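# Architecture and fold: a report
Below, each chain spelled out in residue letters.
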Amino acid sequence: MEPILNIDNLKVSFMTSNGEVQAVRGVSFSVGKGEILGIVGESGSGKSVTSMSILHLLADTARIKEGSSIRFDGEELIGAARKRMREIRGEKISMIFQDPMSSLNPLIPVGKQVAEMLLEHHKDISGEEAKKAVLELFAKVRIPEPEKRYKCYPHEFSGGMRQRVMIAMALANKPELLIADEPTTALDVTIQDQILRQLRELEKEYGTSIIFITHDLGVVAELCDRVIVMYGGLVMEEAPIDEIFEHPSHPYTMGLLNSIPDMEQDKAVRLKPIPGSPPDMTNPPAGCPFAPRCPYARKLCGAKLPEFIRVEEGHSSRCFLLYPDAPADENNPFRREV
Ligand SMILES: Nc1ncnc2c1ncn2[C@@H]1O[C@H](COP(=O)(O)OP(=O)(O)OP(=O)(O)O)[C@@H](O)[C@H]1O
Ligand code: SF4
Ligand SMILES: [Mg+2]
């Protein structure tokens, strides 16, 4: 699949009073045209910092390291001029967040806010035309009674409806890439399902590529074509969606899979969180960052960072147990039958 986005060796640190927080430590992946890529990982793994880097939305204390590259449709975005980034944001790449309230202006009716988004990027359309386009968008994202809703303020909407407004705004200029950072986490399950269905429909209709960030592998299964699993500022595993569920090839991914709540069972019984907590990124471990929590860790794991190893076409993982010379004992869940 032809890529729309290529991230190569992205390294991002924050300079804080406690020292350098190495939030992202050499992340590489690409997103194909019309593809939905999931990014999963626990809190603090570097998912948001990776995605905010794309649109230059990082805090002033952030430093993108030498050698990092983010290419969108062939164009390098790192170091791109402010003016160029303003054109790209909202027109070619747009982003939706967990909390739509933080992106909406509470003092302006929602319809007007979406219309302004359109007018900002299309100087040639009239106010009337923009309004008409917004009403069509509202209908498309299934906001009932678009005419009436156009004039409402954000606080008059439910969380789910606000998120629909955000999706409408994000799609106003038919972007080539939509980055959705946990857009459904704060919503209840039914609303979440509706929003996911909507995103799938939009991807089909417009061919928009989507990066969907979530904690929840269950959501990834429903929506995504492919997934990358992040931990400690690194990509640990990358695979097509069926592969990751059928042949998870990283102990961290296996831990995440075990912690998916099974809706048919009693949640409390089935949920098995991974014991321990993620590494402190001011002083990241030299070896595999998952080593302190990994049930299969060996001595080598704490000393050296494993390379990315190809498991199958399109499926790679960063774990010593996949190395061809790894011991094939019963404590290696990936041992190959010989
Ligand atoms: N502005 C900042 N200043 C200092 N450290 C930061 C800043 N923003 C993020 N970090 C750190 O960078 C690391 C990665 O954070 P990031 O927000 O990308 O995590 P995440 O995977 O999106 O987590 P979550 O699932 O909680 O959203 C964390 O250790 C976080 O504390
Ligand atoms: S490299 Fe070692 S510690 Fe890391 S996931 Fe593999 S077995 Fe576990
Ligand atoms: Mg985040």
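Right, let's walk through the structure included here. (Residues numbered from 1 in each chain as written. Chains lettered and ligands numbered in written order. Predicted model: local features only at pLDDT ≥ 70, side-chain atom pairs only at ≥ 80, totals over all residues. Heavy atoms only, no water.)

Secondary structure summary: the protein contains 12 helices and 13 strands in total. Since a compact globule built from 338 residues should have a radius of gyration of about 20 Å, the 21 Å found for the protein is in line with a globular shape. Viewed in the frame of its principal axes, the protein has a C-alpha envelope of about 70 × 50 × 40 Å. Burial statistics for the protein: of 338 residues in total, 49% are counted as buried. (Helix = DSSP H or I, 4+ residues; strand = E, 2+ residues; numbered from the N terminus. Rg over C-alpha atoms; globule rule 2.2 N^0.38 Å. Buried < 20%, exposed > 50% of the residue type's maximum accessible area, 1.4 Å probe, protein only.)

Over its 13 residues, helix α6 (residues 159-171) extends 18 Å from the first C-alpha to the last, a length consistent with the 18 Å expected when each residue adds 1.5 Å. Every buried residue of α6 is listed here: Gly-160, Met-161, Arg-162, Gln-163, Arg-164, Val-165, Met-166, Ile-167, Ala-168, Met-169, Ala-170 and Leu-171. Buried positions along α6 lie against β7 (93-96), α3 (110-121), α4 (127-140), β8 (177-181) and α7 (189-206). (Expected span 1.5 Å × (residues − 1). Contact = heavy atoms within 4.5 Å.)

Near ligand 1, the surroundings consist of 16 residues, among which Ser-43, Gly-44, Lys-47, Ser-48 and Val-49 are the closest. Here an oxygen atom of ligand 1 and a side-chain polar atom of Ser-43 are 2.4 Å apart. For ligand 1, an oxygen atom lies 2.8 Å from a polar atom in the side chain of Ser-48. Bound to the protein, ligand 1 loses 67% of the 640 Å² it would expose on its own. Broken down by element, the residue count for the shell around ligand 1 peaks at 3 residues, all from helix α1 (residues 47-54). Looking at side-chain class alone, the shell around ligand 1 contains 6 nonpolar, 7 polar and 3 charged residues. (Near = heavy atom within 4 Å. Polar contact = N/O pair within 3.5 Å; in protein donor to acceptor, adjacent residues only side chain to side chain. Areas by Shrake-Rupley, 256 points an atom, 1.4 Å probe, with all protein chains shown as cover. Nonpolar A, V, L, I, M, F, W, Y, C, P; charged D, E, K, R; others polar.)

Turning next to the packing of α6 against α7. Two elements in contact, α6 and α7, have axes whose closest approach is 10 Å; the angle formed by their N-to-C orientations is 15 degrees. For the element pair α6 / α7, the angle class is roughly parallel. Of the two possible hands of crossing, α6 and α7 adopt the one that is right-handed. Between α6 and α7, the residues in contact are Gly-160, Gln-163, Arg-164, Ile-167 and Leu-171 and Ile-191, Gln-194, Ile-195, Gln-198, Leu-199 and Leu-202, respectively. (Axes fitted to C-alpha atoms, helices over the stretch in contact; angles between N-to-C directions. Parallel < 35°, antiparallel > 145°, perpendicular 65-115°, else oblique. Left-handed = near helix turned anticlockwise from the far one by under 90°.)

Attention shifts here to the packing of aromatic side chains. Under the defined criterion, the tally for this structure stands at 4 aromatic pairs. Ring centres of Tyr-252 and Phe-290 lie 5.2 Å apart, and the angle between their planes is 65 degrees; this geometry places the pair in the edge-to-face category. Within this pair, whereas Tyr-252 is found in helix α10 (residues 251-258), its partner Phe-290 is found in the loop between α11 (267-270) and α12 (299-303), the two being separated by 38 residues in sequence. By way of ring pairs, the aromatic residues Tyr-231, Tyr-252 and Phe-290 are connected into one cluster. Over the face of the ring belonging to Tyr-150 we find Lys-131, whose NZ or CZ atom lies 4.9 Å from the ring centre. A cation sits over an aromatic face here: Arg-149 above Phe-157, 5.1 Å from the ring centre. (Phe/Tyr/Trp six-rings, centres within 6.5 Å; stacked < 30°, edge-to-face > 60°. Lys NZ or Arg CZ within 6 Å of the ring centre and 35° of its normal.)

Attention now goes to the pattern of salt bridges. Tallied over the entire structure, the rule returns 17 salt bridges. Note that Lys-65 is salt-bridged to Glu-20, the shortest N-O span being 2.6 Å. Of this pair, Lys-65 sits in the loop between β4 (62-64) and β5 (69-72) while Glu-20 sits in strand β2 (residues 19-32), and the two are 45 residues apart along the sequence. In this structure Glu-20 comes out as partly exposed when scored by relative accessible area, which is 27%. A salt bridge links Arg-226 to Glu-238; the shortest N-O distance between them is 2.8 Å. Of this pair, Arg-226 sits in strand β10 (residues 226-231) while Glu-238 sits in strand β11 (residues 234-240), and the two are 12 residues apart along the sequence. Judged by its relative accessible area of 13%, Arg-226 is buried. Salt bridges sharing common partners tie together Glu-75, Lys-83, Arg-84 and Glu-87. (Salt bridge = Lys/Arg side-chain N within 4 Å of Asp/Glu carboxyl O.)

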